[in-house]
Amino acid sequence: MNTRQIVPRLVVAVGLSAALSACASGSHYARAMAPPGPMRLEQAAGSAVAEETAPAPAPAAPPGQPGIAAGPATNTGASTPSASTTPSGETAPAAAPMLIYTAEFALRVERERFGDVLDRVLANARERGGYLVSRNDTSIQVRVPSARFHESVTAVEGSGEVLRRNVAASDVSEEFHDAEVRLQNLRAVRQRLEEFLRRAGSMAEALQVERELERVTAEIDRLQGRMRFLSARVAFSLISVALEPRPTVIAAPRTQEVVPPRRVLNLPVRWLHELGLDRLLNLSGED
Amino acid sequence: MRTRWMFVGLLCAAMSTSACGVTLRAQEGFARVDDDHYDRRVASADGVVVGVRVMRNRPEASADFWIRAVDERLRARGYEPDGDPMATQTAAGMRGVQLRYVQSVGGRPHRYWATVFVRPGGFLRPSKVYVVEAGGDAETFDRAAPHVQRTIASLEP
């Protein structure tokens, strides 16, 4: 096969792959994939990770910390599969949504209890298989297994007076599914490019294919990284706690009570009222 | 006729005594400057004045009562006590209490002393209250203080 034959075919192949990637939801590959249940999602992400790279813990958990929870990745605590049709016509459980839960709290506690409260939040997280993300004198961020997110939130709320509470769930199901489909497509493209490379008749052809192969490989790596990231975020929920000091009640200073002067009894004695320097020093006799 | 004139003379003497029953001798540097308000008053050329009033002890009360009444009245008018009340005695043996104050007049501190004597009543002699007032600019009064004390001590009912 010469260059004139390889290049057009190469162009068509790449173009088809791009088109397939953009239309992932309607693609044959998307329909062919059995909608994974909660466990399957993790396994799919894990397989995407394991296939191309050396097995790496996903997410990258700190030493001594548990990795991805073995339990379901769903954050709702109960997956409600929706029906979808497999190629055989049977109804298979639909994918549970991939939800990234985050919670932000502002708690009011006495300033001298800041350290104790932050320690308690971290201890609660670790008891549930979580780990520390960041901490300073007045705030802390921890990640806990998504399956234990709600009980972790309840534990945090009991640590102080809740001033602000913000719990959010971000559905990344579509993004993850899209990434999966594109990954599959790109792998197929890469496989074809490798085949083209083996059949390359000249150095020029080989270089051309190599460049394309490099681009596709980089795209595959990027997608895998993104899927790893999403899986990690889904598996472990983030809880942020910021502490605010309870205002110290300062006793109002006791203002000096102004005591009115004692009432002086006006005796009905005229000369008492005539005492004093005014009259004494009035030598002119004027009143 | 003679008896009548004697009676009139005695009556005048008695009246003059009851109306003008006090002696206050002016010391060196003081001159007598009577007026309608004081039974006796003397003054120095630099403004130190000593005057005495004699009142009937009505409502009849003890010396302690009148001393407190004078003190209350002066304090109510803003006179600042200058020391504790001091027991005093005249040359004639009358015992009294001297109250001392400081008062600002025209922006300058002035001394003011009020010495209270109460003479008990007797046969045909009502009880009386004697109040000797002394005062003046603090600067001149302090210089004349010994003369003021002797003037007060010269009081005779």
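Numbering of residues begins from 1 in every chain and follows the order in which that chain's sequence is written. A letter from A marks each chain and a number from 1 marks each ligand, given out in the order of writing. Since the coordinates come from a predicted model, pLDDT governs what is reported: local features require at least 70, and pairs of side-chain atoms require 80 or more to be given and counted, while whole-chain, interface and lining totals use all residues. Calculated side-chain values reflect all of the structure's heavy atoms, with hydrogen atoms and water omitted.

### Structural notes on the nonpolar core
To be explicit about the condition: Only buried residues count toward a nonpolar core, which is a set of Ala, Val, Leu, Ile, Met, Phe, Trp, Tyr and Cys residues joined through side-chain atoms within 4.5 Å. Classification of residues uses two cut-offs on accessible area relative to the type maximum, computed with a 1.4 Å probe and protein chains only: under 20% is buried, over 50% is exposed, and between them is partly exposed. The numbering of helices and of strands both runs from the N terminus, where a helix is a DSSP run of H or I of at least 4 residues and a strand a run of E of at least 2. Throughout, a residue-residue contact means that at least one pair of heavy atoms, one from each residue, lies within 4.5 Å.
Ranked by internal contacts, the top residues of the largest apolar core, which has 27 residues, are Trp271 and Leu272 of chain A together with Trp66, Val70 and Tyr112 of chain B. Those elements that place two or more of their residues in this core are helix H8 (270-273) and helix H9 (277-280) of chain A together with strand E3 (49-56), helix H2 (63-76), strand E6 (95-105), strand E7 (108-119) and strand E8 (128-137) of chain B. In terms of residues, this core owes the most to one element, H2 of chain B, which gives five residues. If we ignore the near neighbours within four places in the chain, the residues touching tryptophan 271 of chain A are Met55, Trp66, Val70, Val129 and Val131 of chain B. Formed by 21 residues, the second largest nonpolar core is a distinct cluster that contains Ala103, Val109, Val117 and Leu122 of chain A.

### A look at the confidence of the model for chain A
Residue and element names in this part refer to chain A. Heads up, the condition is: Within a predicted model, pLDDT stands for the predictor's per-residue confidence, ranging from 0 to 100.
When pLDDT is averaged across chain A, the result is 75; 63% of the residues are at 70 or more. Across chain A, strand E5 (residues 139-145) holds the top mean pLDDT of 96, while helix H2 (residues 28-32) sits lowest at 39. A low-confidence stretch, residues 22-86 stays under pLDDT 50, and its non-local contacts, those more than four residues away or across chains, total 95 contacts.

### Details of the interface of chain A and chain B
Many analyses report the size of an interface as the accessible area lost when the parts associate. This is how it is decided: The term buried area means the drop in 1.4 Å probe accessible area that two parts suffer when joined, counted for both and summed. Salt bridges are defined as contacts in which a side-chain nitrogen from Lys or Arg sits within 4 Å of a carboxyl oxygen from Asp or Glu.
Contacts between the two partners involve 20 residues from chain A and, on the opposite side, 34 residues from chain B. Roughly 2,200 Å² of surface becomes buried between chain A and chain B when both sides are summed, with 65% attributable to carbon and sulfur atoms. The largest per-residue losses of area from chain A upon contact with chain B belong to Trp271, Leu275 and Leu280 of chain A, which jointly make up 33% of the total buried on that side. Ionic pairing is found between arginine 77 of chain B and aspartate 278 of chain A, a salt bridge with its closest N-O pair at 4.0 Å.

### Here we look at the sheet that holds strand E6 (residues 161-171) of chain A
Residues and elements named next belong to chain A. Rules: For two strands to count as paired, DSSP must find a minimum of two bridges between them. Lines fitted to C-alpha atoms define the axes here, with helix axes fitted over just the stretch in contact, and angles between the N-to-C directions of these axes take values from 0 to 180 degrees.
Read from one edge of the open sheet, five strands run E4-E5-E7-E3-E6, paired in mixed fashion. The open sheet has two edge strands, strand E4 (131-135) and E6, and neither has a second partner. Sheet twist, expressed as the average angle between the axes of neighbouring strands with direction ignored, equals 15°. Lying on the sheet, helix H7 (residues 203-235) is in contact with strand E3 (99-109), E5 and strand E7 (236-245); it crosses E7 at an angle near 60°.

### Observations concerning the packing of helix H6 (residues 173-199) of chain A against H7 of chain A
All names here are of chain A. To be explicit about the condition: Roughly parallel covers angles under 35 degrees, roughly antiparallel covers those over 145, roughly perpendicular covers 65 to 115, and oblique covers all other angles. Rotating anticlockwise by less than a right angle from the far helix to the near helix defines a left-handed crossing, while the corresponding clockwise rotation defines a right-handed one. In this classification, Asp, Glu, Lys and Arg are treated as charged, Ala, Val, Leu, Ile, Met, Phe, Trp, Tyr, Cys and Pro as nonpolar, and every other residue, Gly included, as polar.
Two elements in contact, H6 and H7, have axes whose closest approach is 9 Å; the angle formed by their N-to-C orientations is 155°. Here H6 lies roughly antiparallel to H7, going by the angle between them. Crossing of H6 against H7: the hand is left-handed. Residue classes in the contact of H6 with H7 are distributed as 16 nonpolar, three polar and 11 charged.

### Some thoughts on the pairing of strand E2 (residues 40-44) of chain B
Residues and elements named next belong to chain B. With five of five residues buried, E2 lies mostly within the body of the structure. On E2, burial covers both faces: Arg40, Val42 and Ser44 on one face and Arg41 and Ala43 on the other are all buried. As judged from the three bridges shared by strand E1 (residues 30-32) and E2, these two strands associate in the antiparallel manner. In the sheet register, phenylalanine 30 faces E2, and the bridge partner there is serine 44. Bridging between E2 and E3 involves four bridges; their strand directions are antiparallel. By the bridge assignment for E3, alanine 43 is matched with valine 49. Hairpin connection between E2 and E3: a loop of four residues separates the two successive antiparallel strands, and glycine 47 in this loop has a positive phi of roughly 95°.

### Quick notes on the pattern of salt bridges
Using the criterion set out here, one finds 30 salt bridges over all chains in the structure. The salt bridge partner of glutamate 219 of chain A is arginine 182 of chain A, with a shortest N-O separation of 2.7 Å. In this pair, glutamate 219 of chain A is assigned in helix H7 and arginine 182 of chain A in helix H6, connecting sequence segments 37 residues apart. The salt bridge partner of arginine 53 of chain B is glutamate 274 of chain A, with a shortest N-O separation of 2.9 Å. Linking arginine 53 of chain B in strand E3 with glutamate 274 of chain A in the loop between H8 and H9, this pair reaches from one chain into another. The two residues arginine 53 of chain B and glutamate 274 of chain A agree in class, both being buried. A single salt-bridge network, built from bridges that share partners, covers Arg108, Glu110, Arg113, Glu161 and Arg246 of chain A.

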